[in-house]
Amino acid sequence: MTALLALRGLTIEAGDGPLVHTIDLELAAGRILGLVGESGSGKSLTVMSIPGLLPSGCRVSAGEIVFDGRDIVDLSEDQMRPLRGRDIGVVFQDPFTSLNPVRRVGSLLEEALRRHTGVSARVARDRVIEALDQVGLPDPVGKARAYPHQMSGGQRQRALIALALVNNPRLLIADEPTTALDATVQVEILDVLRRSAERVNGAVVFVTHDLGAAAYICDEIAVMRGGRIVEHGLVQNIIARPTHPYTKELLACSPRLPPRKDNRGQP
């Protein structure tokens, strides 16, 4: 399979030394990669380098980020901006701070859609309702008129996923999207991410500290520790036959989710 995304020797530095060391990963369209590790392992820095959203003071010092055959590491902000939201969608960990509290949810989705596609206001409104419905929000018309504080945590996360997917991006980056949710809502959100990716045949990078959540949704898993990939393989191999001691520790402390209902992760 041809890779939609390839990280080749990716190194990220801040201050006097590297925080992420020579990452090599490839991901094809239609596949879901789980990037797993504890806080501070470098997983969020790795994925946020892809859409050019590294925090101030951090920079890619070596390597390539090849998206759809093009190295995007050195793109300017003006060149990168059209890719975000249109070709690369991002779901952040905290929807309450990621959604503008003084904007209705529907207006946020409409703006993202019209900015990248130029469709009419009427078409945009219809597409927004469809997007909110596709992520499982009840009463999508009413939710489009709601402000973020009028929604539950799970509903806000669904709205944020809809915002990331409204333009049907080819790559979705989901950075700890279920951390603050209870177990039942967590499973629902994971199912939404998986179904949404399948609908558009998109690639997904799913960032989490929970190996159980990654096993539930992903085709393959890369385990990070200390800014390095210490183990990488198909889900069933990582779960059944982990080789690195750190992976075994993560597996031992991960809560169990319901069994998968499909054959994702099979060779």
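Everything that follows concerns the structure shown earlier in this document.
Residues numbered from 1 in each chain as written. Predicted model: local features only at pLDDT ≥ 70, side-chain atom pairs only at ≥ 80, totals over all residues. Heavy atoms only, no water.

Per the counting criterion, the structure on display carries two cavities of 30 Å³ or more. Reported here for the largest cavity is a volume of approximately 60 Å³. For the largest cavity, the full set of lining residues is Leu5, Ala6, Leu7, Leu25, Glu26, Leu27, Leu33, Leu35, Thr46, Val47, Ile50 and Val205. Elements with a contribution of two residues or more to the lining of the largest cavity: β1 (3-14), β2 (17-28), β3 (32-36) and α1 (43-48). Residue classes in the lining of the largest cavity are distributed as 10 nonpolar, one polar and one charged. Approximately 40 Å³ is the volume found for the second largest cavity. (1 Å grid on protein atoms, 1.4 Å probe; cavity = no way out; pocket = protein on both sides within 12 Å on 5 of 7 lines; lining within 4 Å. Points joined across faces, edges and corners; volume = space filled by probe spheres on them. Helix = DSSP H or I, 4+ residues; strand = E, 2+ residues; numbered from the N terminus. Nonpolar A, V, L, I, M, F, W, Y, C, P; charged D, E, K, R; others polar.)

We now examine the packing of aromatic side chains. Any pair of aromatic rings gets described here by the distance separating the centres and the angle formed by the planes. In total, this model carries zero aromatic pairs according to the counting rule given. The aromatic ring of Tyr216 is capped on one face by Arg194, whose charged end is 5.0 Å from the ring centroid. (Phe/Tyr/Trp six-rings, centres within 6.5 Å; stacked < 30°, edge-to-face > 60°. Lys NZ or Arg CZ within 6 Å of the ring centre and 35° of its normal.)

Moving on, we get to the packing of helix α7 (residues 153-165) against helix α8 (residues 183-200). Angle between the axes and distance between the axes: these two values describe a pair of packed helices. Relative to each other, α7 and α8 sit at 15 degrees, their axes nearing to 10 Å. The orientation of α7 with respect to α8, classified from their angle, is roughly parallel. Between α7 and α8 the crossing geometry is right-handed. Facing Gly154, Gln157, Arg158, Ile161 and Leu165 of α7, the residues of α8 in contact are Val185, Glu188, Ile189, Val192, Leu193 and Ser196. A breakdown of the residues in the contact of α7 with α8 according to their chemical character gives six nonpolar, three polar and two charged. (Axes fitted to C-alpha atoms, helices over the stretch in contact; angles between N-to-C directions. Parallel < 35°, antiparallel > 145°, perpendicular 65-115°, else oblique. Left-handed = near helix turned anticlockwise from the far one by under 90°. Contact = heavy atoms within 4.5 Å.)

By size, the foremost hydrophobic cluster in this structure holds 50 residues, and its most contacted members are Leu109, Leu132, Ile161, Phe206 and Ile221. Leaving out residues up to four positions away in the same chain, Ile221 has contacts with Leu33, Gly34, Val36, Leu211, Ala214, Ala215, Glu231, His232, Gly233, Val235 and Ile238. One finds Leu10, Ile23, Met80 and Leu171 within the second-largest nonpolar core, a separate group that totals 32 residues. (Core = buried A, V, L, I, M, F, W, Y, C linked by side-chain atoms within 4.5 Å. Buried < 20%, exposed > 50% of the residue type's maximum accessible area, 1.4 Å probe, protein only.)

Glancing now at the sheet that holds strand β9 (residues 220-225). One open sheet accounts for six strands, arranged β6-β7-β8-β3-β9-β10; its pairing is mixed. Bordering the open sheet on either side are β6 (88-91) and β10 (228-234), each of which pairs with just one other strand. Averaged over all adjacent pairs, the angle separating strand axes in this sheet is 15 degrees, with direction ignored. Summarising the sheet, β3 and β9 pair through four bridges and their orientation is parallel. Within the sheet, the bridge partner assigned to Leu35 lies in β9 and is Ala222. Packing against the sheet, α7 makes contact with β6 and β7 (171-175), and its axis sits at approximately 170 degrees to β6. The sheet contacts of helix α11 (residues 245-252) involve β3, β9 and β10, and relative to β9 the element is tilted by about 110 degrees. (Pairing = 2+ DSSP bridges.)

What follows deals with the layout of surface pockets. The gaps of empty space that remain are located by a probe, the size of a water molecule, rolled over the atoms. As a volume, the largest pocket reaches approximately 610 Å³. Lining of the largest pocket is provided by 19 residues; of these, Gly85, Phe92, Ala112, Arg115 and Leu163 occupy positions nearest its centre. If you list the elements that add at least two residues to the lining of the largest pocket, you get β6, α4 (105-117) and α7. Examining the composition of the lining of the largest pocket, we find that five residues originate from one element, α4, more than from any other. In terms of residue class, the lining of the largest pocket is made up of 10 nonpolar, five polar and four charged.

With that out of the way, let us pick up the packing of α4 against α7. One can describe the packing of α4 onto α7 by two numbers: an axis separation of 9 Å at closest approach and a directional angle of 15 degrees. Between α4 and α7, the interaxial angle falls into the category roughly parallel. Crossing of α4 over α7 shows right-handed handedness. For the pair α4 and α7, contact is made by Val105, Leu108, Leu109 and Ala112 and by Ala159, Ala162 and Leu163, respectively. The residue makeup of the contact of α4 with α7, split by class, is seven nonpolar, no polar and no charged.

In this structure, Thr22 is a non-glycine residue whose phi angle is positive, near 40 degrees. Note on placement: Thr22 falls in strand β2. Positive phi is not limited to glycine here, since Asn168 has a value of about 50 degrees. One can find Asn168 in the loop between α7 and β7.

Relative to the 18 Å expected for 13 residues at 1.5 Å per residue, α4 spans 19 Å between its end C-alpha atoms, a close match to the ideal helical length. Three or more residues of α4 are buried, namely Val105, Gly106, Leu108, Leu109, Ala112 and Leu113. Viewed along the axis of α4, the buried residues span an arc of 165 degrees, placing them on a single side of the element. Next to the buried residues of α4 lie α5 (121-134), α6 (140-145) and α7. (Expected span 1.5 Å × (residues − 1). Arc of directions from axis to C-beta.)

Don't take any of this as a statement about function, it's just geometry.
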